[in-house]
Each structure stands twice: as structure tokens, then as C-alpha cells.
Amino acid sequence: MEHEPRKVNKIEKIATGTEATLESIETKRQLENFLAEGYVLHGSKKQSVILEPRPAKDMDETRVIGNQDAIYATDADLEIPLFMAMKDFKDPANRSMNSGNSGQNGVFRMYGDNTKLTPGYVYVLPKDSFEVITDVEGNEELISRVPVMPHAVFRVEPDIFNLFPNVTFDFK
């Protein structure tokens, strides 16, 4: 049975059942400021002192740019690093997770099987070691092939998505 994605901009919040905390409001403001200053953002479940390149596992194994031994980041938005930081297994015994995101017309759809949102970390990184790689279809990724020392690290909670009326969720 297919379900329609639910919007996050209502008082009834699907991420945590509450409105965004003052901490999440401040985190969003600071992350937006860091993007405006030219930093890039990376989301992870793990907290680290330094980020190391590691093999990425794109759902589409033929997508070369999505399967690099690198650190992936973005300089364009908050939604993707937040999702990458907080996506988690609904059933940890079932280690398969088919999840992803897509953005069209300013709307981000976060979806997945065996997926839920739990707290994670967003890293603010200097952009100098990152390069843009492009595939034959014109898709781009921003990656670093060398270790990167974070400028700042933010612990993020699922309720931060309540601040993004352009984000929908479709988790099964």
C-alpha cells in the first residue's frame, strides 16, 4: 500500500511529535550563516574529531560519482546533510536500508524502507580541499579525497525538519 508523503509544516510534527526547539532554531540559523560564509556541510551519524575519506555506497552502483572513496559535502542547502546525519535503521536487525532524497522545484522528498530519523551530526568544513566531480549526465558531487578538520560540529535532532516546510517524508 502506498502512502502519500506527509508535510512537515503543520503543528502536528511527524519528526518528533513536537515543534522545533529553540536549540534547533539556533542550529539552523548558524548552519545557514556558515553556508553563506563559504563553508560546506557534511552529515553523519558518527561524531569525529577529523573526517576521513571512506567508500561511499550509492544505491545506484553504476553511478560513479556517488561511489567515490571521499568525504561528500554540499555548499547548496541544509536538507541533504541533515538527512544524511539523521537517517537510521527502523529495525537494526535488518541491516538493509533503501533510502534517499530528491529535490525538485525547491521541494525535498526524504524516503526510505526500514528508515527513521534519530539524532546525528552536521559538520561545518572549510571548502579548500573539496572539488566538484561531474558525470556524463551532468550530475555533480562535492568531494574531498583527503582528511578534513571540521571548523564546527552540530548535534542535530529530528525536530529541526519542522523548520523546513519544503521537506516531505515517506518512510515505510
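What you see is a predicted model; the values in this text were computed from it and never measured.

Student: Quick rundown of the overall build of the chain? Include the residues and the values.
Tutor: Helices and strands together make up the secondary structure of the chain, namely two helices and 13 strands. Out of the 172 residues in the chain, the part that is buried amounts to 41%. By sequence separation, contacts in the chain at least 24 residues apart represent 75% of the contacts at least 6 residues apart. Accessible surface, the chain: about 9,900 Å² in total, of which carbon and sulfur atoms supply 50%.

Student: Please provide a residue-by-residue account of the packing of aromatic side chains, values included.
Tutor: In the structure shown here, the tally under the stated rule is six aromatic pairs. Between Phe161 and Phe169, the aromatic rings sit 5.2 Å apart at their centres with planes inclined by 80°, giving edge-to-face as the arrangement. One Lys or Arg, Lys28, reaches over the ring of Phe164 and ends 5.1 Å from the middle of that ring.

Student: If you had to explain the sheet that holds strand β11 (residues 140-144) to someone new, which residues and values would you point to?
Tutor: Reading across the sheet, the four strands line up as β3-β4-β11-β10 and stay open at both edges, with antiparallel pairing between neighbours. With partners counted over all chains shown, the strands left at the sheet margins are β3 (54-55) and β10 (131-134), one partner each. Pairing of strand β4 (residues 69-73) with β11 involves three bridges; the strand directions are antiparallel. Within the sheet, the bridge partner assigned to Ile71 lies in β11 and is Ser144.

Student: Explain the pattern of salt bridges to me, and be specific about the residues and the numbers.
Tutor: Side chains bearing opposite charge may pair, as long as their charged atoms lie close to each other. Counted by the stated rule, this structure contains six salt bridges. Residues Glu32 and Lys28 are paired through a salt bridge, measuring 2.8 Å at the closest nitrogen-oxygen approach. Here Glu32 and its partner Lys28 are both found in helix α1 (residues 22-36), four residues apart, which amounts to about one turn of the helix. By relative accessible area, which is 35% here, Glu32 ends up partly exposed. Among the salt bridges present, the one from Asp75 reaches Lys127, with a minimum N-O distance of 2.6 Å. One end of the pair, Asp75, is in the loop between β4 and α2 (79-86); the other, Lys127, is in the loop between β9 (120-125) and β10, with 52 residues separating them in the sequence. By relative accessible area, Lys127 is classed as partly exposed at 36%.

Student: So what's going on with unusual backbone geometry? Which residues, and what values?
Tutor: Glycine aside, residues mostly have negative phi, and peptide bonds are mostly found in the trans state. Notably, Asn114 is not glycine yet its phi reads approximately 55°, a positive angle. Note that Asn114 resides in the loop between β7 (107-113) and β8 (115-117).

Student: Hey, could you go over the environment of Asn94 for me, with residue numbers and the actual values?
Tutor: By secondary structure assignment, the location of Asn94 is in the loop between β5 (87-89) and β6 (98-104). Separated by 20 residues in sequence, Asn94 and Asn114 have C-alpha atoms that sit 7.8 Å apart. Excluding anything up to four places from it in sequence, Asn94 contacts Phe89 and Asn114.

Rules of the game
- Residues numbered from 1 in each chain as written.
- Predicted model: local features only at pLDDT ≥ 70, side-chain atom pairs only at ≥ 80, totals over all residues.
- Heavy atoms only, no water.
- Helix = DSSP H or I, 4+ residues; strand = E, 2+ residues; numbered from the N terminus.
- Buried < 20%, exposed > 50% of the residue type's maximum accessible area, 1.4 Å probe, protein only.
- Contact = heavy atoms within 4.5 Å.
- Areas by Shrake-Rupley, 256 points an atom, 1.4 Å probe, with all protein chains shown as cover.
- Phe/Tyr/Trp six-rings, centres within 6.5 Å; stacked < 30°, edge-to-face > 60°.
- Lys NZ or Arg CZ within 6 Å of the ring centre and 35° of its normal.
- Pairing = 2+ DSSP bridges.
- Salt bridge = Lys/Arg side-chain N within 4 Å of Asp/Glu carboxyl O.

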